[in-house]
Amino acid sequence: MGYMNELYGFLEEVSVNNNRGWFASQKQTYERLRKEWLDDIDRMIAAMSVWEPSLRGQTAKSSAYRFYRDTRFSPDKSPFKTYFSAAMGPKGKKSGYGCYYIETGIRNDNGLYGGIWCPDVAVLKKLRHAIVDNIEEFEGILDEPSMKKLYPGWIGQQLKTVPKGWAKDHPNAEYLRLKDYGKAHFVAKEFFLDKNWPEEASELFRVLKPFIDFLNYSIDE
């Protein structure tokens, strides 16, 4: 039996004992489990690098997000997350470009994601124009059977109406209203209990590559 059952148990305990005193007493357990998870993320990145060469040279350490929450602007002052997460992108997780994101935890959004979240105004404008100007290509990517099956719908924020500057009855209104271009494949806890999950995650992420590529070359145009 691998470490993952213990990791889920640890995260459940964090959710009940989310304070620095308790965490300090469990620091060694955290560091051991964190290392094992990062080792698996390195395995996943190695598998992804076969079909996404731009990820070569990236590591779990450079891709993982902190376990400590940023509580400065949140009414919830709990210091720790109840999940581990990482983002891998052609230009790194902080580049503002499209990326692949994975979350392992006890929340309902446990899973694999891909896209771009919270793009700045200029980037969002570029993406909207690129989608409208290349709508057949974009919808061809979205309509690919594996994409429709594994990554249905959209994840993220969207406007209630078409943004200013576009016709209210624009044929591509569905895409113009989006503020985030995100896709998700949610998984149950059992997904991560399989010792081969890093390689399986790589294959699931591979389906997103044309979508991520479209977003990123649209930003670079």
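Shown above is the structure to which this text applies.
Residues numbered from 1 in each chain as written. Predicted model: local features only at pLDDT ≥ 70, side-chain atom pairs only at ≥ 80, totals over all residues. Heavy atoms only, no water.

Caption draft 1: View of the overall build of the protein. Summing up its helical and strand segments, the protein has 11 helices and 4 strands in all. The C-alpha radius of gyration computed for the protein amounts to 19 Å, which stays within 12% of the reference 17 Å derived for 221 residues, consistent with globular compactness. Along the first, second and third principal axes, the C-alpha set of the protein runs to 60 × 40 × 30 Å. Every one of the 221 residues in the protein was classed for burial, and the buried ones make up 49%. Within the protein, contacts between residues separated by at least 24 positions form 68% of all contacts whose residues are at least 6 apart in sequence. Looking at the protein as shown, the accessible area adds up to about 11700 Å², and 52% of this sits on carbon and sulfur atoms. Counting 32 positive and 31 negative side-chain charges, the protein places the centres of these two groups 7 Å from one another. (Helix = DSSP H or I, 4+ residues; strand = E, 2+ residues; numbered from the N terminus. Rg over C-alpha atoms; globule rule 2.2 N^0.38 Å. Buried < 20%, exposed > 50% of the residue type's maximum accessible area, 1.4 Å probe, protein only. Contact = heavy atoms within 4.5 Å. Areas by Shrake-Rupley, 256 points an atom, 1.4 Å probe, with all protein chains shown as cover. Lys, Arg positive; Asp, Glu negative; His and termini not counted. Charge placed at Lys NZ, Arg CZ, Asp CG, Glu CD.)

Caption draft 2: Expanded view of the sheet that holds strand β1 (residues 83–88). A sheet is described by the order of its strands in space; here 4 strands give the open sequence β1-β2-β3-β4, paired in antiparallel fashion. Each edge of the open sheet carries a strand with a single partner, namely β1 and β4 (181–186). Ignoring strand direction, the axes of neighbouring strands in this sheet form an average angle of 15 degrees. Bridge count between strand β3 (residues 111–116) and β4: 6 bridges; the pairing is antiparallel. Bridged to L112 within β4 is H185. (Pairing = 2+ DSSP bridges. Axes fitted to C-alpha atoms, helices over the stretch in contact; angles between N-to-C directions.)

Caption draft 3: Quick peek at the pairing of β1. For β1, a buried count of 6 out of 6 residues is recorded, marking the element as mostly surrounded by other parts of the structure. Of the two faces of β1, the one lined by Y83, S85 and A87 and the one lined by F84, A86 and M88 are each fully buried. Judged from the 6 bridges that link them, β1 and strand β2 (residues 99–105) form a sheet pairing that is antiparallel. Within β2, the position partnered with S85 by the bridge is E103.

Caption draft 4: Looking closely at the environment of G182. Within the fold, G182 resides in strand β4. Between the C-alpha atoms of G182 and G115, which are 67 residues apart in sequence, the distance is 4.4 Å. Non-local contacts of G182, meaning those with residues more than four positions away in its chain, are made with G114, G115, I116, W117, G153, W154 and I155.

Keep in mind these values describe shape, not function.
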